[in-house]
Amino acid sequence: MGLSASKKQLVRQKVQEIRELLGNPVHPDGRPKTFAELEDECIEVGDLLSAAMLQELVALVPDSTELPCCPTCQRPGEKCPGEPRILQTDRGEVSWLEPSYYCTSCRQSFFPEVG
Amino acid sequence: MGLAVEDTVSPRVLAKMIWAGTMSASSDAANQDLKHLANLAISDERVRRACHHVGSDRIDAHQRLEEALQSKPLLEVIHGKPTDVQAPEIACVMGDGGRYQQLDRRSKAPKRSASARKGEHWKESRIGLLASMSGTLHDSDPQPQLPPELSYQAMAEKLAEIGKTGGKLDSADVPPEAETTCSPDSTGLVGPTLESRHVVASRQNWEDFGPLLASQAWYLGFAAASRKVFVSDGSASIEKMQRTCFSDYISVLDILHALSYSLAAARAVSSDEDATQRTYDRWAAKIWEGRVEDVIDELTAYGSKLGPPPPDASGDDPSEILRTSCVYYENHADRMDYPSYRRLGFPLTSSLMESTVKQVSRRVKGTEKYWSSQGGEIMLRLRGEYLSDNEPMRNYWTQRSRDACGTRTYRAHAQSVYN
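Residues numbered from 1 in each chain as written. Chains lettered and ligands numbered in written order. Predicted model: local features only at pLDDT ≥ 70, side-chain atom pairs only at ≥ 80, totals over all residues.

Enquirer: So, the overall build of chain B: which residues are in play, and what are the values?
Expert: Counting secondary structure elements, chain B contains 18 helices and five strands. When the 419 residues of chain B are sorted by exposure, 39% land in the buried category. For chain B, restricting intrachain contacts to residue pairs at least 6 apart in sequence, the fraction spanning at least 24 positions comes to 74%. (Helix = DSSP H or I, 4+ residues; strand = E, 2+ residues; numbered from the N terminus. Buried ≥ 20, exposed ≤ 12 C-beta atoms within 10 Å, placed from the backbone. Contact = placed C-beta atoms within 7 Å.)

Enquirer: Explain the overall build of chain A to me, using residue names and the numbers behind them.
Expert: A tally of regular secondary structure across chain A gives two helices and three strands. Listing every helix and strand of chain A by position from the N terminus yields α-α-β-β-β. In terms of overall dimensions, chain A is more spread out than a globule: its C-alpha atoms have a radius of gyration of 21 Å, far above the 13 Å expected for 115 residues. By its C-alpha atoms, chain A is 70 × 30 × 20 Å across when sized along the principal axes. Going through the 115 residues of chain A one by one, you find that 15% of them count as buried. Excluding contacts between residues fewer than 6 apart, the proportion of contacts in chain A whose partners are at least 24 apart in sequence is 45%. (Rg over C-alpha atoms; globule rule 2.2 N^0.38 Å.)

Enquirer: Report on the sheet that holds strand β2 (residues 122-134) of chain B, specifying residues and quantitative values.
Expert: Sheets are built from strands paired through backbone hydrogen bonds, the pairs being either parallel or antiparallel. All names here are of chain B. Read from one edge of the open sheet, five strands run β3-β2-β1-β4-β5, paired in mixed fashion. Looking along the sheet, the strands with just one partner apiece sit at the ends: β3 (193-202) and β5 (250-253). Going from strand to strand, the sheet's axes swing by 25 degrees on average, the running direction of each strand aside. The pairing of strand β1 (residues 90-101) with β2 spans 12 bridges and is classified as antiparallel. By the bridge assignment, V93 is partnered in β2 with L130. (Pairing = 2+ DSSP bridges. Axes fitted to C-alpha atoms, helices over the stretch in contact; angles between N-to-C directions.)

Enquirer: Could you give me a rundown of the confidence of the model for chain B, with the residues and numbers involved?
Expert: Residue and element names in this part refer to chain B. Taken as a whole, chain B shows an average pLDDT of 85; of its residues, 87% reach a score of 70 or greater. For residues 165-185, every residue scores under 50 in pLDDT, and the model assigns this stretch 35 contacts once sequence neighbours within four places are set aside. Considering only residues more than four positions removed or in separate chains, one finds that residues 411-419, a stretch of pLDDT under 50, has three contacts. Under the prediction, the complex receives an ipTM of 0.74, its pTM being 0.82. (pLDDT = per-residue confidence, 0-100.)

Enquirer: Please provide a residue-by-residue account of unusual backbone geometry, values included.
Expert: Residue and element names in this part refer to chain A. Here Q74, not a glycine, exhibits a phi torsion of approximately 70 degrees, which is positive. The residue Q74 is located in the loop between α2 (35-60) and β1 (78-89) in this model. Here Q74 falls in the exposed class, since 9 other C-beta atoms lie within 10 Å of it. Positive phi values are uncommon outside glycine, yet R107 reaches one of about 55 degrees. Of note, R107 is situated in the loop between β2 (92-103) and β3 (108-110). Judged by the 7 C-beta atoms lying within 10 Å of it, R107 falls in the exposed class.

Enquirer: I'd love a proper account of the packing of helix α3 (residues 44-70) of chain B against helix α16 (residues 373-387) of chain B, names of residues and values included.
Expert: All names here are of chain B. Running from N to C, α3 and α16 cross one another at 75 degrees; their axes reach a closest spacing of 9 Å. In this view, α3 runs roughly perpendicular relative to α16, as classed from their interaxial angle. Here α3 contributes C51, H52, G55, S56, R58, I59 and H62 to the contact with α16, which in turn contributes E377, I378, M379, R381, L382 and E385. Here the contact of α3 with α16 is composed, by residue class, of five nonpolar, four polar and four charged. (Parallel < 35°, antiparallel > 145°, perpendicular 65-115°, else oblique. Nonpolar A, V, L, I, M, F, W, Y, C, P; charged D, E, K, R; others polar.)

Enquirer: Which residues make up the pairing of β1 of chain B, and what values go with them?
Expert: Residues and elements named next belong to chain B. β1 sits mainly inside the fold: nine of its 12 residues count as buried. Pairing analysis gives five bridges linking β1 to strand β4 (residues 227-232), with the strands arranged parallel. Note that in β4 the partner of M94 across the bridge is V231.

Enquirer: Account for the pairing of β4 of chain B, naming residues and giving values.
Expert: Residues and elements named next belong to chain B. Most of β4 sits out of view: five of its six residues are buried. Both β4 and β5 contribute to a ladder of four bridges, which runs parallel. Within β5, the residue paired with F230 across the bridge is S251. In this fold, β4 hands off to helix α9 (residues 236-245), which returns the chain to β5; that crossover is right-handed. (Right-handed = clockwise from strand over helix to strand, strands pointing away.)

Enquirer: I'd like a rundown of the sheet that holds β3 of chain A, residues and numbers included.
Expert: Residues and elements named next belong to chain A. Taken together, three strands build an open sheet; the order of strands is β1-β2-β3 and the sheet is antiparallel. Strands at the two margins of the open sheet, each flanked by one partner only, are β1 and β3. Sheet twist, expressed as the mean angle between neighbouring strand axes with direction ignored, is 35 degrees. Lying over the sheet, α2 contacts β1 and β2, oriented at roughly 15 degrees with respect to β2.

Enquirer: I'd like a description of the nonpolar core, backed by residues and values.
Expert: Ranked by size, the top nonpolar core spans 97 residues in total, and within it M17, C92, V93, L259, A265 and I287 of chain B carry the most contacts. Ranked by the residues each element gives to this core, the list is headed by helix α10 (residues 255-269) of chain B, at 11 residues. Core analysis: the next-biggest nonpolar cluster, separate from the first, contains eight residues, Y101, C103 and F111 of chain A together with V5 of chain B among them. (Core = buried A, V, L, I, M, F, W, Y, C linked by C-beta atoms within 7 Å.)

Enquirer: Just give me the short version of the environment of K79 of chain A, but keep the residues and values in it.
Expert: All names here are of chain A. One can find K79 in strand β1. Under the C-beta neighbour-count criterion, K79 is labelled partly exposed, with 13 such atoms within 10 Å. Along the chain, K79 and H27 lie 52 residues apart, while their C-alpha atoms are 54 Å from each other.

Enquirer: Provide a residue-level description of helix α1 (residues 11-23) of chain B, including the pertinent values.
Expert: The end-to-end C-alpha distance of α1 of chain B, which contains 13 residues, comes to 18 Å, matching closely the 18 Å that a straight helix rising 1.5 Å per residue would cover. Within α1 of chain B, burial applies to P11, V13, L14, K16, M17, I18, A20, G21 and T22 of chain B. At its buried positions, α1 of chain B is contacted by β1 of chain A together with α2 (27-38), α3, α15 (351-364), α16 and α17 (392-403) of chain B. (Expected span 1.5 Å × (residues − 1).)

Enquirer: Please set out the environment of S355 of chain B residue by residue, giving values where relevant.
Expert: Residues and elements named next belong to chain B. Looking at where S355 falls in the secondary structure, it is placed in helix α15. Since 19 C-beta atoms lie within 10 Å of it, S355 is described here as partly exposed. Here the alpha-carbon distance between S355 and D60, two residues 295 residues apart in the chain, equals 27 Å.

Enquirer: Tell me about the confidence of the model for chain A, and please be specific about residues and values.
Expert: Chain-level pLDDT for chain A is 84 on average; 93% of the residues reach the 70-or-more range. Averaged pLDDT values for the elements of chain A fall to 82 in β3 of chain A and rise to 88 in α2 of chain A.

Enquirer: Pulling in residues and values, what's your account of the packing of α15 of chain B against α16 of chain B?
Expert: Residues and elements named next belong to chain B. Where α15 meets α16, the axes come as close as 10 Å, and the angle between the chain directions of the two elements is 135 degrees. Considered as vectors, α15 and α16 are oriented oblique to each other. For the crossing formed where α15 meets α16, the hand is right-handed. Across the interface between the two elements, T356, Q359, V360, R363 and V364 from α15 touch G376, M379, L380, R383, G384 and L387 from α16. Grouping the constituent residues of the contact of α15 with α16 by class yields five nonpolar, four polar and two charged. (Left-handed = near helix turned anticlockwise from the far one by under 90°.)

Take a look at the structure:
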């Protein structure tokens, strides 16, 4: 998936804000940071941003409007409390509450948002 | 969201785990690679389990393809192809065996310490190479003279290695680059250009491996290719697979294997290095020119002079070497029409296959590596997939996300068992 040019421009504007947040590329004692240190710092920021964005986007995935049916017997399931889920991603851990349903006929839980 | 219920890592991370588990030397090495290259802390056990799950999926998918092909009409199987696939200019199939150690710890096998010494855990893996090639169809033989690259001076050591006739080179001395850069024209031969390769590896026997390889070939459009060739080293089981599953392919004997028998025979009948060189070069030229019958005649004449090998003759006995070479050429004479093969633009060597076997073996073969039946099969299949240029795993990841359902896999399995 590629970002549109306008969205890329907006992201670049945000980069400026983050860069200002990080301050100058020098240590507290005035020594300039090495390239390796700068690279590590930028990757850490990137990872934090990616994981946080993913976390927010996952929460935005809309619930199904219809009551989901059991994948086995196709009968509507009963809504249960969400299941906490933690997923290890390429850029850190992301957690959310997985919508969960229970089929009284098949006596099994199912998680329609997963698929 | 395209996630399976049991997923604990994102699809992107899972893909990296499987890649590392398959392409690194071991699961432990995969764990280190993931840590140092991808900044991911994934234990070797998790890598192993993930490979097991995904590999099982791939085996099921291969099985489905095989069954789907078997249900097609015969004409379509022989000449058809999937609509979204373009048939290659030259469809080239090669097969060879690799080695790995199998040990099912739960089975009632002899104690490992005693049996391992005998080497009884070593099994043969079956590896197939489906090479899509392009090349010119010539009106006449484009290279009628034996190239100097196949002369005694250039090839004696290499051929001795193939034919095990006392050469100086040991396989361990071959640098890793030589294994992967070997191409059809690396021996100075005029040959086709490799467009892409697809690798299939399995621990199944050749009878079962043939249909698997044939089904994968069909889905690559091989059946619809106008020029089809099957190159092998002359092993009886591989030839049988060719006759059974690739009967409309022109069968070619790897010329390097053919020449290795000439070298062995030349050494057996010659008194010194110069005589060996002259005899080998003469026979090599005849084989190159498609005159294997002349070589057989000469071998027979030499055999008459030496007399028949004694019943307890060793493999080093000159008369036995002559007899073996003669039988080899007689058995494979109809697969040694090299001038015609050059005119058709076919590859004459299975060097691509040899290098592929080494690449597959790098993961599964090792004196310290013992695979269960299932684990070995899974790793061989995955290794083949990742060594393939057409990246079949890329489609798998897309399909896996689409197929993800909201129930645990073991429940789905239980349903299918009880229903």
